[in-house]
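# Examination of the molecular architecture
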Amino acid sequence: NAGVTQTPKFRILKIGQSMTLQCAQDMNHNYMYWYRQDPGMGLKLIYYSVGAGITDKGEVPNGYNVSRSTTEDFPLRLELAAPSQTSVYFCATLQFSSGNTIYFGEGSWLTVV
Amino acid sequence: AQRVTQPEKLLSVFKGAPVELKCNYSYSGSPELFWYVQYSRQRLQLLLRHISRESIKGFTADLNKGETSFHLKKPFAQEEDSAMYYCALSRDGNNRLAFGKGNQVVVIP
């Protein structure tokens with residue numbers, strides 16, 4: 001049982017490049033989230049999903065896209081990378097039956113130069 | 001909009017001394033409040049939540065609705081308590097958490 005797995009852990013992108021941060025979970029949790037954490041700041045919600053086929057915007061969705069074709073996977077897409085997207089990205093999951101505990105991935109460090 | 005404030009970025013305490021991390025929130029409804037912890041090189045994990053009224057690793061936190069606070073306390077800090085601590089608020093049925101900026105706690109041996 002791996003929990004929440006994020007790939008890659010580290011990535012350097014050039015301005016204007018695109019990439020996808022992968023998030024996979026094996027706990028059959030219905031809710032999934034993407035947060036970003038800028039230096040010295042708290043986590044901010046980018047997008048979330050309440051189940052397969054359903055996604056919605058969080059606080060800071062601009063510059064990102066997500067999809068949720070399966071329960072297990074919730075990829076985050078950056079289409080035109082900008083320096084402002086340099087951050088640590090965390091994927092998280094939740095299942096109501098677990099007492100509303102949110103489980104986090106280890107994070108993905110992204111630098112845009 | 002809801003907001004979570006953790007006023008102190010860095011807190012250094014000696015081993016055995018009490019530690020208190022302050023968290024204040026602004027939200028007009030009935031919030032659910034949490035403390036998350038991130039130890040070095042580990043993922044963010046739940047420490048405790050206000051509805052459970054539990055003590056985890058010697059830490060407790062009481063929700064004070066009058067003062068809109070959810071301060072985290074431990075009477076005797078241990079070296080293994082060195083970590084980043086985040087206060088978080090959940091405001092709706094989708095469990096979207098709003099996080100504070102976090103507190104870096106360093107316990108000095």
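The preceding data block contains the structure.
About the thresholds
- Each residue is numbered by its place in its chain's sequence as written, counting from 1.
- To label them, take the chains in the order written and letter them from A, then take the ligands in the order written and number them from 1.
- With pLDDT at 70 or above as the cut-off, local features in this predicted model cover only qualifying residues; side-chain atom pairs require 80 or more to be listed or tallied, and sums for whole chains, interfaces and linings still use all residues.
- No hydrogens and no water enter the side-chain calculation; it runs on all heavy atoms of the structure.
- By definition, any uninterrupted DSSP run of H or I lasting at least four residues is a helix, any uninterrupted run of E lasting at least two residues is a strand, and each is numbered from the N terminus.
- The globule rule is 2.2 Å times the number of residues to the power 0.38, and the radius of gyration it is compared with is taken over C-alpha atoms.
- Residues adjacent in sequence count toward polar contacts only when both atoms are side-chain atoms; beyond that, a polar contact is any pair of N or O atoms within 3.5 Å, and within protein one must be able to donate a hydrogen and the other to accept it.
- Any two residues having at least one pair of non-hydrogen atoms within 4.5 Å are treated as being in contact.
- The term salt bridge refers to a side-chain nitrogen of Lys or Arg lying within 4 Å of a carboxyl oxygen of Asp or Glu.
- A 1.4 Å probe rolled over the protein chains alone gives each residue an accessible area, and that area as a share of the maximum for its type sets the label: buried under 20%, exposed over 50%, partly exposed in between.
- Reported buried area values correspond to the accessible surface (1.4 Å probe) lost by two parts on association, with both partners' losses combined.
- In this classification, Asp, Glu, Lys and Arg are treated as charged, Ala, Val, Leu, Ile, Met, Phe, Trp, Tyr, Cys and Pro as nonpolar, and every other residue, Gly included, as polar.
- Working definition: a disulfide is two cysteine sulfur atoms within 2.5 Å of each other.
- Following DSSP output, two strands are said to pair if at least two bridges run between them.
- Interaxial angles span 0 to 180 degrees and are taken between N-to-C directions of axes, which are lines fitted to C-alpha atoms, for helices over the stretch in contact.

### Observations regarding the overall build of chain A
Along its length, chain A carries 0 helices and 11 strands. Along the chain direction, N to C, the helices and strands of chain A fall in the order β-β-β-β-β-β-β-β-β-β-β. Its C-alpha atoms give chain A a radius of gyration of 13 Å, near enough to 13 Å, the size a compact globule of 113 residues would have. Taken along its principal axes, the extent of the C-alpha atoms in chain A is 40 × 30 × 25 Å.

### A short note on the side chain of Gln38(B)
Examined against the element boundaries, Gln38(B) turns out to sit in strand 5 (residues 32-38). Within the structure, the side chain of Gln38(B) is placed 3.3 Å from the backbone oxygen of Gln42(B), a separation counted as a polar contact. Those residues in contact with Gln38(B) that sit more than four places away from it in its chain are Phe90(A), Arg43(B), Leu44(B), Ala83(B), Met84(B) and Tyr86(B).

### Notes on the pattern of salt bridges
The tally for this structure, following the rule as stated, stands at 7 salt bridges over all chains. For the salt bridge of Lys9(A) with Glu106(A), the shortest nitrogen-to-oxygen distance reads 3.0 Å. Highlighted residues: Lys9(A) in the loop between strand 1 (4-7) and strand 2 (10-13) and Glu106(A) in the loop between strand 10 (102-104) and strand 11 (108-112), separated in sequence by 97 residues. By relative accessible area, which is 34% here, Glu106(A) ends up partly exposed. Taking the shortest distance from any N to any O, the salt bridge between Lys15(B) and Glu79(B) comes out at 4.0 Å.

### Comments concerning the side chain of Gln25(A)
Residue and element names in this part refer to chain A. Mapped onto the fold, Gln25 is located in strand 3 (residues 19-25). For Gln25, the side chain forms a polar contact with the main-chain nitrogen of Asn28, separated by 3.1 Å. Those residues in contact with Gln25, other than ones at most four positions away along the chain, are Gly3, Val4, Met32, Arg68, Thr71, Glu72 and Thr93.

### Quick look at the interface of chain B and chain A
On the side of chain A, 23 residues touch chain B, which itself brings 18 residues to the contact. Summed over both partners, the interface of chain B with chain A comes to about 1800 Å²; 49% of that surface belongs to carbon and sulfur atoms. For the interface between chain B and chain A, the tally reads 5 residue pairs in polar contact (both at pLDDT 80 or more). Those elements giving two or more residues to the side of chain B that touches chain A turn out to be strand 5, strand 6 (45-49) and strand 10 (97-99) of chain B. A per-element tally of the side of chain B that touches chain A places strand 5 of chain B first, with 4 residues. Split by residue class, the side of chain B that touches chain A holds 7 nonpolar, 5 polar and 6 charged.

### Topic: the environment of Asn30(A)
All names here are of chain A. Counting through the fold element by element, Asn30 comes out in the loop between strand 3 and strand 4 (31-37). The class of Asn30 is partly exposed, set by a relative accessible area of 27%. Taking C-alpha positions, Asn30 is 8.6 Å from Glu72, a pair spaced 42 residues apart along the chain.

### Here we look at the state of the cysteines
Residues and elements named next belong to chain B. In the structure shown here, the tally under the stated rule is 2 disulfides over all chains. Note on cysteine connectivity: Cys23 is disulfide-linked to Cys87, with sulfurs 2.0 Å apart. Since a negative S-S torsion denotes a left-handed disulfide, the Cys23-Cys87 link at about -70° is left-handed. On the criterion of sequence distance, the pair formed by Cys23 in the loop between strand 3 (19-21) and strand 4 (24-26) and Cys87 in strand 9 (residues 83-90) is long-range, its members being 64 residues apart. You'll find Cys23 and Cys87 in the same group, each marked buried.

### Brief notes about the sheet that holds strand 3 of chain A
Residue and element names in this part refer to chain A. Sheet architecture is open: 4 strands sit in the order 1-3-8-7, paired in antiparallel fashion. Lying at the two open borders of the sheet, with one neighbouring strand each, are strand 1 and strand 7 (64-66). In this sheet, neighbouring strand axes are inclined to one another by 20° on average, regardless of whether the strands run parallel or antiparallel. The pairing of strand 3 with strand 8 (residues 76-78) spans 3 bridges and is antiparallel. Paired with Leu21 across the bridge in strand 8 is Leu76.

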